[in-house]
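Chain residues, written in single-letter form:
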Amino acid sequence: MQHYWFGDVEGGACTPAQGDLGALSDRLDTLRITMESFIPLSWEDAVACGVCADRRDYLDRLRALCIRRAETEISAYYQQSDIELLQMVRMLDEMDTVINLLTERATEWYIVRNPGFSRKYRAIGAKKMLSIIKKDRASPLGSLAGEIERLASERTRLMREVSTRADAVAPNCSALVGGLVAARLISRAGGLAQLARLPASTIQVLGAENALFTHLRSGTPSPKHGIIFQHRRVHNAPRSTRGRVARVLAAKLGIAARIDYFRGEMSPEFLEKAQRRIDDVAGIA
Amino acid sequence: MIWIDGVLVSPGEGGVYGERMLKDHRVWDPRRSKLAALFAKGGGRDLDPQMRILYLGAANGTTVSHVADYVESVYAVEFAPRPMQDLIEVARRRKNVVPIMADATHPVEYAPLVEEVDMVIQDVAQPDQAGIVLANLPFLKQDGVYILMLKTRSVDVRADPDAVITATVRNLEAGGLKVHAATRLEPFHRDHAALVCTRK
């Protein structure tokens, strides 16, 4: 017997599938088909089955079913807890870039309007700079600087939100490297499910794809770390042990991601052991 | 195929993705579409009004919309949710497009939905592209044409594209196909080739 979306066909006889779109879709999910014994459907069988009147009707019904199934699957996909987190992390990273660019440009503009001004010998950070520029009321520059400041405070709010969400979505990864770095790893992997399936060696160089592919193509030294460089244990380690710390941290992150994905809750025993091992190789036992 | 002053076009309602119109026809840009590039290089097989097509790796439905302008019906298979949203929108406007959200490496997922087709077009970024061809052969009519858009960099980033093409052709021939031509798609698409195959 051959199972098709509109019914079952055996020896020229057809039993139509019953019910509305939802029922047809549910039935499709229960079909067990093997390609070895599979014979492609012919739409005339659907007419014989009494499911549709003609070719036009056949296609319309099939399209309605397929669109319905795809829409259901898409909304189920978007409802996973980590999908929105991906967008938030990417928005955060783009905001960083944009805010830096705008601040630099505003500073250059401010210097043109104030020939006597110089940042030399004065520790003026981006934030301070903006509040100085903001006082320039005589030009659009002043209010623009105010807007950049607001964007920067929105960025801080988003960062906190990302961190909180990451704590919930991936508690073990977040405990190891902090919510922000954990969120960036998930984002780069394309989701928590994907991250949980990555080997530690890949997690170690996530975010260093350019260096990795240059290494594979032309034999330059391999990258030691990607995103996980942002973790203090890695970037505070002396150069000679940095690769080692990155490797151990990545290995523990690989395990943490799997606990996060498959168990979904914090594991204090694991975290304690992992933390001790990372501290060990970082030489801070 | 319809060419206006040397420009490949398709007959149909415009505005799908901001494509240019030329004398009431939609311009089909070889730089955006690998299939259009294959036609531009002279290696394409004509799309006829009575044809049924299975398109694997339909993405946003850009190329699919042009194919649908020419043929009777298109079964468009795509796996990723984001492009699938766009593909559904294309299918709402084009009554001969059936959008299927499934994985081309697992044809059982869409076997109960797809009929036998005159042509399969495969454009997926996967390592085992020859394997996917062989897995989808049951949907191809005895005298049908299988067009594989081979992304050599997806098979192996390190290997020389020509070596990947040769190896893929060998795999396809071992699987019972005859590869009529392997057309490199430069200058429109780097490191891509179109393999036109039929059953032996």
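The rules we used
- Residue numbering note: each chain is counted from 1, following its sequence as written.
- As a convention, the first chain written is A and the first ligand written is 1, with the rest following in written order.
- At least 70 in pLDDT is required for a residue's local features to be given in this predicted model, at least 80 for side-chain atom pairs to be given and counted, and no such filter applies to totals for whole chains, interfaces and linings, which use all residues.
- Side-chain numbers here rest on the full set of heavy atoms in the structure, without hydrogens or water.
- The helix and strand labels rest on DSSP assignments: H or I over at least four residues marks a helix, E over at least two residues marks a strand, and numbering proceeds from the N terminus.
- Throughout, the radius of gyration refers to the C-alpha atoms, and the reference size of a globule is 2.2 Å times the residue count to the power 0.38.
- Three exposure classes are used, based on accessible area relative to the maximum for each residue type with a 1.4 Å probe and protein chains only: buried under 20%, partly exposed in between, and exposed over 50%.
- Here, two residues are considered to be in contact whenever any of their heavy atoms come within 4.5 Å of each other.
- To measure how exposed things are, a 1.4 Å probe is used in the Shrake-Rupley method; for residues, cover is taken only from the protein chains shown.
- Two residue types count as positive, namely Lys and Arg, and two as negative, namely Asp and Glu; His and chain ends fall outside the count.
- All charge positions are set by atom: Lys at NZ, Arg at CZ, Asp at CG, Glu at CD.
- Any two strands are treated as partners once DSSP identifies two or more bridges connecting them.
- The convention used is that axes are lines fitted to C-alpha atoms, helices contributing only their stretch in contact, and that angles between N-to-C directions extend from 0 to 180 degrees.
- Whenever a nitrogen or oxygen atom comes within 3.5 Å of another N or O atom, the pair is scored as a polar contact, on the condition that within protein one atom can donate a hydrogen and the other can accept it, and that pairs from neighbouring residues in sequence are kept only if both atoms are in side chains.
- Per-residue confidence from the predictor is reported as pLDDT, a score between 0 and 100.
- What gets called buried area is simply the loss in accessible area from a 1.4 Å probe that two parts show on being joined, summed for both.
- The rule for a salt bridge is simple: a side-chain nitrogen of Lys or Arg has to be within 4 Å of a carboxyl oxygen of Asp or Glu.
- Residue polarity follows a fixed list, in which Ala, Val, Leu, Ile, Met, Phe, Trp, Tyr, Cys and Pro are nonpolar, Asp, Glu, Lys and Arg are charged, and the others, Gly among them, are polar.
- Domain ranges listed in this record stem from an automatic or a database domain assignment.

Colleague: Is there a simple way to explain the overall build of chain B in this structure?
Modeller: A tally of helices and strands in chain B yields six helices and eleven strands. Against the compact-globule benchmark of 16 Å for 200 residues, chain B has a radius of gyration of 16 Å, which places it among compact chains. Counting only C-alpha atoms and orienting by the principal axes, one finds that chain B spans roughly 45 × 40 × 35 Å. By residue count, 55% of the 200 residues in chain B fall in the buried class. Across chain B, the fraction of contacts at a sequence separation of at least 24, relative to all contacts at a separation of at least 6, is 53%. Total accessible area on chain B stands at roughly 8100 Å², and carbon and sulfur atoms take up 49% of it. When the 24 positive and 26 negative side-chain charges of chain B are each reduced to one mean point, those points stand 3 Å apart.

Colleague: When you look at the sheet that holds strand S6 (residues 73-78) of chain B in this model, what are you seeing that I'm missing?
Modeller: Strands belonging to one sheet form pairs held by backbone hydrogen bonds; the direction of such a pair is parallel or antiparallel. Residues and elements named next belong to chain B. The strand order across the open sheet built from seven strands is S7-S6-S5-S8-S9-S11-S10, with neighbouring strands paired in mixed fashion. Each having just a single partner strand, strand S7 (97-101) and strand S10 (177-184) make up the two edges of the open sheet. Neighbour to neighbour, the strand axes of the sheet diverge by 15° on average, direction disregarded. Of the pairings in the sheet, the one linking S6 to S7 comprises five bridges and is parallel in character. Each residue of the ladder has a partner; that of Tyr 75, found in S7, is Val 98. Where helix H3 (residues 81-93) meets the sheet, it contacts S6 and S7, and its direction lies at approximately 160° from that of S7. Against the sheet, helix H6 (residues 161-174) makes contact with strand S9 (140-151), S10 and strand S11 (192-199), and its axis sits at roughly 165° relative to S10, the strand it touches most.

Colleague: Would you mind going over the side chain of Asp 136 of chain A with me for this structure?
Modeller: Residues and elements named next belong to chain A. On the secondary structure map, Asp 136 appears in the loop between helix H5 (126-133) and helix H6 (140-169). Asp 136 sits in the buried class, given a relative accessible area of 12%. Only 2.7 Å separates the side chain of Asp 136 from the side chain of Arg 113, close enough to count as a polar contact. Contact partners of Asp 136, with chain neighbours within four places excluded, come to Tyr 110, Arg 113, Leu 141 and Gly 142.

Colleague: What should I look at first to understand the confidence of the model for chain B in this one?
Modeller: Any residue range with low pLDDT should be treated as having predicted coordinates unsuitable for detailed reading. Model confidence for chain B is summarised by a mean pLDDT of 94, while 100% of its residues fall at 70 or above. This complex was scored by the predictor with a pTM of 0.80 and an ipTM of 0.93.

Colleague: In this structure, what is going on with the interface of chain B and chain A? I would like to understand it.
Modeller: Interface size is commonly expressed as the accessible area that is lost once the parts come together. Across the boundary between the two partners, chain B contributes 31 residues, which contact 30 residues of chain A. With both sides pooled, the region where chain B packs onto chain A buries about 2600 Å², and carbon together with sulfur makes up 67% of that total. Sorting the residues of chain B by area buried against chain A places Met 101, Pro 112 and Leu 113 of chain B first, and these three jointly supply 22% of that buried surface. At the boundary of chain B with chain A, the tally comes to three salt bridges. The closest approach of N and O atoms between Arg 55 of chain A and Glu 115 of chain B, which form a salt bridge, is 2.8 Å. Contributions of two or more residues to the side of chain B that touches chain A are made by S6, H3 and S7 of chain B. Sort the elements by how many residues they give to the side of chain B that touches chain A and H3 of chain B lands first, with seven residues. Looking at the side of chain B that touches chain A residue by residue, the classes come out as 20 nonpolar, two polar and nine charged.

Colleague: Just checking my understanding: could you explain the domain arrangement of chain A for this structure?
Modeller: Partitioning chain A into structural domains gives domain 1 (2-78), domain 2 (81-169) and domain 3 (170-285). Look at where the C-alpha atoms of domain 1 of chain A and domain 3 of chain A centre, and you get two points 46 Å apart.

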